[in-house]
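Breakdown of the fold
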Protein chains: 2
Amino acid sequence: MGAFWSVRRRNDGGRQGVARRELKTVYDIARAAGVSAATVSRVLNGYVSVTPATRDRVLKLIEESGFRPNSNARRLVRGYPGQICFLLANRAMVHSFHSRILMGVENYCRQVAQDVVFATFRYGPDDRFPNDSVPHIIRERSGTEGILLAGTNYPNFLHFLTSLGLPYVFYGNNLVTGSLELPTERCVCFDEHSGGALAAAWLAGLGHRRLVFAGDLGKPWYERRFNGFRAGLAECAIVPGLIDVRDAADTFQLGRQAAATLLRDHSTATAVLAQDDQTACGMLEELRLAGVQVPADISLMGYDDIGEIQYLHPSLTTVRVPKEEIGRSMATELFRLRESGSSSQPVPLLAPGIIARDSCSRPKVFDETVFKNG
Amino acid sequence: MGAFWSVRRRNDGGRQGVARRELKTVYDIARAAGVSAATVSRVLNGYVSVTPATRDRVLKLIEESGFRPNSNARRLVRGYPGQICFLLANRAMVHSFHSRILMGVENYCRQVAQDVVFATFRYGPDDRFPNDSVPHIIRERSGTEGILLAGTNYPNFLHFLTSLGLPYVFYGNNLVTGSLELPTERCVCFDEHSGGALAAAWLAGLGHRRLVFAGDLGKPWYERRFNGFRAGLAECAIVPGLIDVRDAADTFQLGRQAAATLLRDHSTATAVLAQDDQTACGMLEELRLAGVQVPADISLMGYDDIGEIQYLHPSLTTVRVPKEEIGRSMATELFRLRESGSSSQPVPLLAPGIIARDSCSRPKVFDETVFKNG
DNA sequence: CTGAAAGCGCTTACAG
DNA sequence: CTGAAAGCGCTTACAG
């Protein structure tokens, strides 16, 4: 084995940058090419004001020697960091939802040659932030263009970043503001309310008249989904039932509890919107155990469109959330912030959609009055 | 709303670093404190050779002004990057498995005050790597301490990094070497073979005598799992059946196909080890559709311990893979590489374990001969 | 214990 | 089109 892994380290003609000599700085290249460091720099940066002959000579040396410019020197002299920080707050893991946001960020940054620093941070809504408690990248200046705040956040940390003069953009859907309104500046959101309304329209369109929302209204984001759902149904003169579960160990368990409540207290319901996909998974499980068929006996809809649910049986109809787009939008917004100085106009809300799969169908007892009233 | 978000930006006594004056460099601090920049630097770096009085004066200025040192200047002069790069190769997303590895990396790096740059990269096993095709952070020098290679990788890229003189450590389990042996240097692996053997011992211990492995042996990592499984069973004089499916759209579908084959060709089997958890999910689904009960009719075991499967019904018994530990080990190994110059000794294999849940039980027809022979 | 000075490796006016 | 020189903001021998 050693053989193979060594053998291939031989000089392969310079094509892959095996060092012919030690040319580590622009001065080394300059000396070898018989030009000044300034000229090497110009070639490196693609300035047109360089004679082709000179340029070729320098380029050849660079390629042969495998020279790569020192990024810290570049950043220091250019005055900008060339990096942004994706900060996942108050989460134990990169779950599939935030993973997609991260991918959106990374994809955009790759195109604009910016590095993405990944960091995590846990804090409470009333914490202060002594210097040694915050992520390393925040403790120094010019380490990052700014912060992309994902995960769950509270106003205290946003204020802290403001006081630091550190630009940031946050994922707004999971910001906990208490009784305060969501700020619209530096905030990237998708329209949770209209996602709920879309779900309402979808289920009502299938002919459902007796609908229920199942979720934890203690969380503002779920409350917004419910409000949208209710508003959407109001247009069809329908008032949804509500199963508000707040004390579950996790959202899957919450779903199971919600389904138990559903069977007990809402036995005439023909369709349910769960607060999110994971909750819907829990409900599906509990319904199965109870011998209730989805969608034959009841239609079940999720919210988020996490990848895992397409493999459920039945596959889950859900509200699509533009996760990659959220990431991309957060990144572009941060760079726009730099250009335009301080806070620009509010970022437009991103629009959700419906992913139709197998967990929703027309209700068993089709109610003609829907169309008479509609 | 605007009110709230502005109001809190007022000076809160300097505690949160609201700038009293513009003190942006060590020279500014030095002038204000009546000392030299060198002394400010000493305070910043915690040197003991500074008079308490001087130190306090400087510290006070730093705190009041919210001064943070320029990280690029520090890195340039110190000569090390203060960052490492987590490179996810040939993957469309951060799935839960790699997400846990990333968390292991980030957790460790946070403790040692290193930033983690997250990047993705797609390439083929025969690609060359012209400068503009590789991730930005690789194109410059001193941008990173080295590369942590996760995802699926091929030797050509490792050789390329070697030729660049860029230190790296790779996640070995998903390295595709063709017919070549896995290198042990710079390689962090968990012991896939022994995970398979553990699964074998577990199932045999439950009394199973007719067992099957379901997976894609075209992938070396699944082949290693199978080999371990077979070796483990050999100790009980059992030869497992094999369902080798190679043409599935994804591992879930692969599982469904495998289950169909199982029912058709291995109807006497009492236990199955799936190549991974996702495959087991597919099998579980297909078995359910066929009216086969798990574990009553057949025991089913996964491999990986991804978080999603604990909510399955029945919850899935699986092979635990130390994902966070893999991440942590990759990071420590990279820093060790820097200390000890070039390649140190091989990294020890990380050990898998068994997570016992509900999908495995004793076989319906308990075969006494197991104990007679064992 | 502290300061003056050099230096990290680039880029960019400023001249020519 | 090209070079000499200054400067980005730190840290670190070297003196004292």
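Scroll up to find the structure.
The notes below deal with the structure included here. (Residues numbered from 1 in each chain as written. Chains lettered and ligands numbered in written order. Predicted model: local features only at pLDDT ≥ 70, side-chain atom pairs only at ≥ 80, totals over all residues. Heavy atoms only, no water.)

So, about unusual backbone geometry. A cis amide bond links H313(A) with the next residue in sequence, P314(A), at an omega value of -5 degrees. The topology assignment puts P314(A) in the loop between β9 (299-301) and β10 (318-320). Each neighbour pair has its own omega, and for V294(B) with P295(B) the value is 5 degrees, a cis peptide bond. You can see P295(B) is positioned in the loop between α12 (277-289) and β9 (299-301). Although it is not a glycine, S142(A) adopts a positive phi angle of roughly 65 degrees. Summarising the element assignment, S142(A) is placed in the loop between α7 (136-139) and β3 (147-151). (Helix = DSSP H or I, 4+ residues; strand = E, 2+ residues; numbered from the N terminus.)

On the chain A side, the residues contacting the 75 residues of chain B number 75 residues. Together chain B and chain A conceal approximately 7,200 Å² of surface at their shared face, both sides included; 55% is due to carbon and sulfur atoms. For the pair chain B and chain A, the number of links is two salt bridges. E140(A) serves as the salt-bridge partner of R74(B), at 2.8 Å between the closest nitrogen and oxygen. Remark: the boundary between chain B and chain A carries 29 residue pairs in polar contact (both at pLDDT 80 or more). Only α1 (2-7), α5 (71-78), α6 (96-111), β2 (115-121), α7 (136-139), α8 (155-164), α11 (251-265) and α12 of chain B provide two or more residues apiece to the side of chain B that touches chain A. In terms of residue class, the side of chain B that touches chain A is made up of 33 nonpolar, 20 polar and 22 charged. With three bridges connecting them, strand β2 (residues 115-121) of chain A and β2(B) associate as antiparallel partners. The residue of β2(B) that forms the bridge with F118(A) is V116(B). (Contact = heavy atoms within 4.5 Å. Buried area = accessible area lost by both parts, 1.4 Å probe. Salt bridge = Lys/Arg side-chain N within 4 Å of Asp/Glu carboxyl O. Polar contact = N/O pair within 3.5 Å; in protein donor to acceptor, adjacent residues only side chain to side chain. Nonpolar A, V, L, I, M, F, W, Y, C, P; charged D, E, K, R; others polar. Pairing = 2+ DSSP bridges.)

Quick look at the protein's contact with DNA strand D now. Taken together, 29 residues form the shell around DNA strand D, and within it T39(A), R42(A), T54(A), S41(B) and Y47(B) come nearest. Sugar plus phosphate: this is where 65% of the atoms of DNA strand D within 4 Å of the protein reside. Here N70(B) contributes a backbone N or O atom positioned 3.3 Å from a phosphate oxygen of DNA strand D. If you list the elements that add at least two residues to the surface near DNA strand D, you get α3 (37-44) and α5 (71-78) of chain A together with α2 (26-33), α3 (37-44) and α5 of chain B. With four residues, α5(B) is the largest single contributor of residues to the surface near DNA strand D. (Near = heavy atom within 4 Å.)

Residues and elements named next belong to chain A. Strands sit in the order β7-β6-β8-β9 across an open sheet of four strands; the sheet is parallel. The open sheet has two edge strands, β7 (241-244) and β9, and neither has a second partner. Averaged over all adjacent pairs, the angle separating strand axes in this sheet is 20 degrees, with direction ignored. Across three bridges, the pairing between strand β8 (residues 271-274) and β9 is parallel. For V272, the partnering residue across the bridge sits in β9 and is L300. Set on the sheet, helix α9 (residues 192-205) makes contact with β6 (211-215), β8 and β9; between it and β9 the angle comes to about 160 degrees. (Axes fitted to C-alpha atoms, helices over the stretch in contact; angles between N-to-C directions.)

The next subject is helix α13 (residues 323-339) of chain B. Residues and elements named next belong to chain B. An ideal rise of 1.5 Å per residue puts 24 Å on 17 residues; α13 measures up with 25 Å between its terminal C-alpha atoms. Turning to α13, its buried residues number three or more, namely K323, I326, G327, S329, M330, A331, E333, L334, F335 and L337. Residues of α13 that are buried in the fold lie against β1 (83-89), α6, β3 (147-151), β4 (168-171) and β5 (187-188). (Expected span 1.5 Å × (residues − 1). Buried < 20%, exposed > 50% of the residue type's maximum accessible area, 1.4 Å probe, protein only.)

This next bit is on the protein's contact with DNA strand C. Near DNA strand C lie 29 residues; those nearest to it are S41(A), Y47(A), T39(B), R42(B) and T54(B). Across the atoms of DNA strand C situated within 4 Å of the protein, the share located in sugar and phosphate is 65%. Between DNA strand C and the protein, one listed contact pairs a phosphate oxygen with a side-chain N or O atom of R78(A) at 3.5 Å. T51(B) has a polar side-chain atom sitting 2.8 Å from a sugar or linking oxygen of DNA strand C. Among the elements of the structure, α2 (26-33), α3 and α5 of chain A together with α3 and α5 of chain B are those that each provide at least two residues to the surface near DNA strand C.

Here we come to the environment of P130(B). All names here are of chain B. With respect to the helices and strands, the residue P130 is situated in the loop between β2 and α7. When its relative accessible area of 43% is taken as the criterion, P130 is described as partly exposed. A sequence separation of 232 residues divides P130 from R362, and the C-alpha atoms of the two residues are 57 Å apart.

All names here are of chain B. For α3, the set of buried residues is A37, T39, V40 and V43. One side of α3 holds all its buried residues, which, seen down the axis, span an arc of 160 degrees. Phi for G46, located one or two positions after α3, is positive at around 70 degrees. (Arc of directions from axis to C-beta.)

Turning next to the packing of helix α6 (residues 96-111) of chain A against helix α13 (residues 323-339) of chain A. Residues and elements named next belong to chain A. Between α6 and α13, the least distance of the axes is 7 Å, while the angle of their chain directions is 45 degrees. The angle between α6 and α13 falls in the class oblique. Considering only the axes of α6 and α13, their crossing is right-handed. Contact with α6, carried on its side by F97, R100, I101, G104, V105, Y108, C109 and Q111, involves K323, E324, I326, G327, R328, M330, A331, T332 and F335 of α13 and no other residues of that element. Counted by class, the contact of α6 with α13 contains nine nonpolar, four polar and four charged residues. (Parallel < 35°, antiparallel > 145°, perpendicular 65-115°, else oblique. Left-handed = near helix turned anticlockwise from the far one by under 90°.)

Okay, the pairing of β7(A) next. All names here are of chain A. Burial along β7 is one-sided: G241 and I243 are buried, and none of L242 and D244, which face the opposite way, are. Of the strand pairs in this sheet, β6 and β7 are connected by four bridges, and their pairing is parallel. Bridging from a neighbouring strand, G215 pairs with D244 of β7. For the crossover from β6 across helix α10 (residues 220-234) to β7, the handedness is right-handed. (Right-handed = clockwise from strand over helix to strand, strands pointing away.)

For the match of chain B to chain A, the screw axis carries a shift of 0.0 Å, the RMSD comes to 0.1 Å, and the turn is 180 degrees. What the rotation and shift describe, once combined, is the action of a two-fold rotation axis. In terms of proximity to the rotation axis, the leading residue of chain B is V117(B), whose C-alpha is 2.1 Å off the axis. Here 100% of the contact residues of chain B are again contact residues in chain A; the copies associate through an equivalent surface. (Least-squares fit on C-alpha atoms with pLDDT ≥ 70 in both.)

Counting across every chain of the model gives 34 aromatic pairs over all chains. For the ring pair F86(A) and F118(A), a centre distance of 6.3 Å and an interplane angle of 15 degrees mean the geometry is stacked. Note that F86(A) is positioned in strand β1 (residues 83-89) and F118(A) in strand β2, a separation of 32 residues in sequence. You'll find F86(A) and F118(A) in the same group, each marked buried. The interplanar angle of 40 degrees and the centroid separation of 6.2 Å between the aromatic rings of Y108(B) and F335(B) together place this pair among those described as tilted. On the criterion of sequence distance, the pair formed by Y108(B) in helix α6 and F335(B) in helix α13 is long-range, its members being 227 residues apart. Y108(B) sits in the buried class, given a relative accessible area of 16%. Owing to a relative accessible area of 9%, F335(B) belongs among the buried residues under this scheme. In this structure an aromatic cluster arises from ring pairing among F121(A), Y123(A), F129(A), Y154(A), F157(A) and F160(A). The positively charged end of R186(A) is found above the aromatic ring belonging to Y168(A), 4.5 Å away from the centroid. (Phe/Tyr/Trp six-rings, centres within 6.5 Å; stacked < 30°, edge-to-face > 60°. Lys NZ or Arg CZ within 6 Å of the ring centre and 35° of its normal.)

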